[in-house]
Amino acid sequence: MSQGDAITSSHSDRTEKRHDSTSNNLLDLPPQAEDVKSSSSKKKRSAYRHTFPVHTKILPSPLSKEAPPESYRGFVNLGMLLLFGNNIRLIIENYQKYGFLLSIPGSNVSKQDWILAGLTHAILPLHVIVAYQLEQWASRKAKGFRKRLADQKENPSIKEDEDKKAVPAGDKVRNGKKDKKNLTLEEQIKENRKTVGWLHFANVSLILGWPSFMSYFVIFHPFLAMGCLMTSLILFLKMVSFALVNQDLRYAFIHDTPATERSSPHLTKVHNDTVTTTNTTSDGATTTTTLTTTTTVVKTITVKKDAEKHGGTYQYEVHYPQNIAPGNIGYFYLAPTLCYQPSYPRSTVFRPSFFFKRVLEIITCLGMMYFLIEQYATPTLQNSVRAFDELAFGRLLERVLKLSTTSVIIWLLMFYTFFHAFFNALAEVLYFGDRRFYLSWWNATSVGMYWKTWNSPVYTFFKRHVYLPMITSGHSALTASIVIFTISAILHEVLIGIPTKMIYGYAFAGMFFQIPLIALTAPLEKWRGTGSGLGNMIFWVSFTILGQPACALLYYYHWTKRSMNA
């Protein structure tokens, strides 16, 4: 072979190898346009191949259930734009129909109603003073009982002498009354506990009793009356918690035992909260983490060490009877919680910018709520009266759906105003540390989950003072839940029926029939899982789209008819 033939042969070998490598690369990656163009210009024989595979994996459609999580930000943006455009249309339509309906807030309220409402709010703190004086008297009694029990332990002969002086149980009643002079020490402690309990019962009954009388018979404007009853209801729950907690603290102090010693093992089990979180990784794998949190009592020695340990917050402990002090009950009276305890976790820094932002949010949201009520909700309610008279169900449904948009926005503004802005502003002023006033109720996949997450102060109160005591005394969870919703239904009827002078049972029924609604949606949560979108939609439709507007229409219709007949 000549030298020229060898060069030609080696050149052809290199060309074949390059051609083979190009074919292999085509099987791996799609060709780029610039590569094709450059290769065709250099080598006309390396033509484009249509044989490379494009379907190489088993993949679902992005909207399928089997697909990995996708971002739907574009759809969210589209929905927000459509909602914004529709609301602009409603604003224009509303202005063309009714004009500008706003007036100065409170201008249609009589001067007498303002004075009576202010007087009602001003008298409520007197009940706090009564509760404090009552507990102060009970603490002095408790100190005496504790000293006598300690003397009996040190000198058993004292107890024997008192037992000899005690009259048999059958002879302790004279003329229908007990002779307290002949009671043993333990019996005197029990009698004192009953006396304090009945006095607290009388105090908390008056907290709800006379504001209810004022709201029903004296104060005409329903919103002012509702504000008085709301304030009295909050104080009612606070003083109930104050009485129950101090009752147990007083018992533990008299017998020189820790307050938690009386808790049964079942109570400790119920206090353990299990939280399950699910995380999805980028490769589609799902990991589940279960966290168990137990309620414990944290004892602290110094503020600084505890602040470093808990990231800027601290917990201190006040023992009975040192907690029976004006500052202690005054702090609880103002604190954004319904559950009394001798001490609370406290923050260490006041943030002025945070506080003034919350105040600005309160003012803004209240203004928006007033605008929506006067400009949009009121005309819709007025136009629904004729549909009620004619029992035109089609028009009534249209009124409910039209009102639902406004009512949902008002309700969301109400939630944000009070549960976030107001409570956080108040907590910032009081250095109140535990600010979990609500959980992510908007993701609720059942009605039961909603009631557990949307109002943490009320939920915690009923769990602590009603549910757990009933469970530990042997009642079933269903019985405890029925009792809680019955109490809640009565309080809702008081809060709505009395100010409107219409005790028709609508609010009571709306709350009480949450029990069967919870029973109906609970299987759906088990079937679809805790993250079910279907359950979340059922919650929104049943509670906010249909439930609240329908209830508002019913009350407004009866209010209008009663005003016309007056």
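Just so you know, these numbers come straight off a predicted model, no measurement behind them. (Residues numbered from 1 in each chain as written. Predicted model: local features only at pLDDT ≥ 70, side-chain atom pairs only at ≥ 80, totals over all residues. Heavy atoms only, no water.)

(A) Summary view of the overall build of the protein. In terms of helices and strands, the protein carries 20 helices and six strands. Taking all 566 residues of the protein together, the buried fraction comes to 34%. A fraction of 70% describes how many contacts in the protein between residues 6 or more apart in sequence connect residues 24 or more apart. With an accessible surface of roughly 35,000 Å², the protein has 64% of that area assigned to carbon and sulfur atoms. (Helix = DSSP H or I, 4+ residues; strand = E, 2+ residues; numbered from the N terminus. Buried < 20%, exposed > 50% of the residue type's maximum accessible area, 1.4 Å probe, protein only. Contact = heavy atoms within 4.5 Å. Areas by Shrake-Rupley, 256 points an atom, 1.4 Å probe, with all protein chains shown as cover.)

(B) Looking closely at the environment of Leu-149. Assignment of secondary structure puts Leu-149 in helix H5 (residues 125-154). Classification of Leu-149 by relative accessible area gives buried; the value is 11%. Taking the C-alpha atoms as reference, Leu-149 lies 9.1 Å from Glu-186; in sequence the two are 37 residues apart. Not counting residues up to four positions away in its chain, the partners in contact with Leu-149 are Leu-185, Glu-186, Ile-189, Ile-254 and His-255.

(C) Spotlight on the UniProt feature "transmembrane region" (unreviewed entry) in the protein. Those places that UniProt annotates as "transmembrane region" (unreviewed entry) correspond, in this numbering, to residues 198-217, 223-245, 355-373, 408-430, 437-454, 466-491, 503-522 and 537-557. A helix fraction of 100% and a strand fraction of 0% characterise residues 537-557, whose end C-alpha atoms lie 28 Å from each other. (UniProt positions renumbered as here; feature names shortened; annotations may be inferred.)

(D) A nonpolar patch on the surface, seen in detail. On the surface, a nonpolar cluster with roughly 580 Å² of combined accessible area is contributed by Leu-63, Tyr-72, Phe-75, Leu-78 and Leu-82. Relative accessible area serves as the criterion here: at 45%, Leu-78 is assigned to the partly exposed category. (Patch = residues over 30% accessible without salt bridge, like charges linked within 9 Å, V, L, I, M, F, W, Y side chains within 5 Å. Salt bridge = Lys/Arg side-chain N within 4 Å of Asp/Glu carboxyl O.)

(E) Local environment of empty space enclosed by the protein. All chains considered together, the criterion is met by one cavity of 30 Å³ or more. Here the largest cavity is characterised by a volume of approximately 70 Å³. Along the walls of the largest cavity sit Ile-189, Asn-192, Arg-193, Gln-247, Arg-250, Tyr-251 and Ile-254, which together make up its complete lining. Secondary structure elements with two or more residues in the lining of the largest cavity: helix H7 (185-218) and helix H8 (222-254). Sort the elements by how many residues they give to the lining of the largest cavity and H8 lands first, with four residues. Classifying every residue of the lining of the largest cavity gives three nonpolar, two polar and two charged. (1 Å grid on protein atoms, 1.4 Å probe; cavity = no way out; pocket = protein on both sides within 12 Å on 5 of 7 lines; lining within 4 Å. Points joined across faces, edges and corners; volume = space filled by probe spheres on them. Nonpolar A, V, L, I, M, F, W, Y, C, P; charged D, E, K, R; others polar.)

(F) Molecular detail of helix H12 (residues 352-382). With 31 residues, H12 should reach 45 Å at 1.5 Å per residue; the first-to-last C-alpha distance of 44 Å fits that figure. The sharpest bend along H12 reaches about 35 degrees and sits at Ile-373. (Expected span 1.5 Å × (residues − 1). Bend = angle between axes of the 7 residues up to and from the residue.)

(G) Structural view of the nonpolar core. With 69 residues, the main nonpolar core has Ile-219, Met-239, Tyr-450, Trp-451 and Trp-454 as its most contacted residues. Looking at this core, the element that brings in the most residues is H8, giving 13 residues. In this view, Tyr-450 contacts Trp-411, Trp-441, Ala-444, Phe-539 and Phe-543; residues no more than four positions away in its chain are not counted. If you look at the next biggest cluster of nonpolar residues, it comprises 16 residues, including Leu-372, Phe-388, Ile-410 and Leu-553. (Core = buried A, V, L, I, M, F, W, Y, C linked by side-chain atoms within 4.5 Å.)

(H) Region of the structure containing the packing of helix H16 (residues 456-472) against helix H17 (residues 477-497). With their axes 8 Å apart at the nearest point, H16 and H17 run at an angle of 145 degrees to one another. With respect to the hand of their crossing, H16 and H17 are arranged in right-handed fashion. Each of Phe-462, Val-466, Tyr-467, Met-470 and Ile-471 in H16 lies in contact with H17, whose residues at this interface are Ala-477, Thr-479, Ala-480, Ser-481, Val-483, Ile-484, Ile-487 and Leu-491. Considering only residue class, the contact of H16 with H17 consists of 11 nonpolar, two polar and no charged. (Axes fitted to C-alpha atoms, helices over the stretch in contact; angles between N-to-C directions. Left-handed = near helix turned anticlockwise from the far one by under 90°.)

(I) Structural detail: the packing of H8 against H16. As a packed pair, H8 and H16 sit with axes 11 Å apart at the nearest point and diverge in direction by 40 degrees. Classified by the angle their axes make, H8 and H16 are oblique. Relative to H16, H8 is oriented so that their crossing is left-handed. Residues Leu-237, Val-240, Ser-241, Leu-244 and Val-245 of H8 touch H16, and the partners they reach there are Phe-461, Arg-464 and His-465. Each residue belonging to the contact of H8 with H16 can be placed in one class, and the counts come to five nonpolar, two polar and one charged. (Parallel < 35°, antiparallel > 145°, perpendicular 65-115°, else oblique.)

(J) A look at the packing of aromatic side chains. This model, assessed by the stated rule, comprises 36 aromatic pairs. Between Phe-220 and Trp-559 the ring centres are 5.8 Å apart and the planes differ by 45 degrees, which places this aromatic pair in the tilted class. With Phe-220 in the loop between H7 and H8 and Trp-559 in helix H20 (residues 533-565), this residue pair connects regions lying 339 residues apart in the sequence. By relative accessible area, Trp-559 is classed as buried at 17%. The lysine or arginine in question, Arg-146, covers the ring of Phe-253, its NZ or CZ lying 4.5 Å from the ring centre. (Phe/Tyr/Trp six-rings, centres within 6.5 Å; stacked < 30°, edge-to-face > 60°. Lys NZ or Arg CZ within 6 Å of the ring centre and 35° of its normal.)

(K) Up close: the confidence of the model for the protein. In the predicted model, the protein carries a mean pLDDT of 78, and 75% of its residues have values of at least 70. Per-element confidence in the protein is highest for helix H11 (residues 326-334), whose mean pLDDT is 94, and lowest for strand E4 (residues 286-293), whose mean pLDDT is 38. Scored below 50 in pLDDT, residues 14-29 shows nine contacts in the model against residues more than four places distant or in partner chains. Low pLDDT, under 50, characterises residues 263-316; the predicted model gives this stretch 69 contacts beyond four residues in sequence or across chains. (pLDDT = per-residue confidence, 0-100.)

(L) Region of the structure containing the UniProt feature "active site" (unreviewed entry) in the protein. As recorded in UniProt, the sites labelled "active site" (unreviewed entry) are His-492. Tracing the chain through its elements places His-492 in helix H17. The contact partners of His-492, leaving out residues within four places of it in the chain, are Gly-497, Ala-507 and Met-511. One polar contact links the side chain of His-492 to the main-chain carbonyl oxygen of Ser-488, over a distance of 2.8 Å. (Polar contact = N/O pair within 3.5 Å; in protein donor to acceptor, adjacent residues only side chain to side chain.)

(M) Region of interest: the environment of Tyr-72. Residue position: Tyr-72 is located in the loop between helix H2 (33-42) and helix H3 (73-98). If we skip the residues at most four places from it in the chain, Tyr-72 touches Pro-62 and Leu-63.

(N) Looking closely at unusual backbone geometry. Here the residue pair Tyr-320 and Pro-321 is connected by a cis peptide bond, since its omega of 5 degrees sits within 30 degrees of zero. One can find Pro-321 in the loop between strand E5 (313-315) and H11. Positive phi, normally seen in glycine, also occurs at Tyr-431, with a value near 60 degrees. With respect to the helices and strands, the residue Tyr-431 is situated in the loop between helix H14 (393-430) and helix H15 (447-453). Even without glycine at this site, Lys-501 takes up a positive phi of about 60 degrees.

(O) Expanded view of the side chain of Ser-404. With respect to the helices, strands and loops of the structure, Ser-404 is situated in helix H14. The residues touching Ser-404, leaving out its near neighbours within four places in the chain, are Thr-544, Ile-545 and Pro-549.

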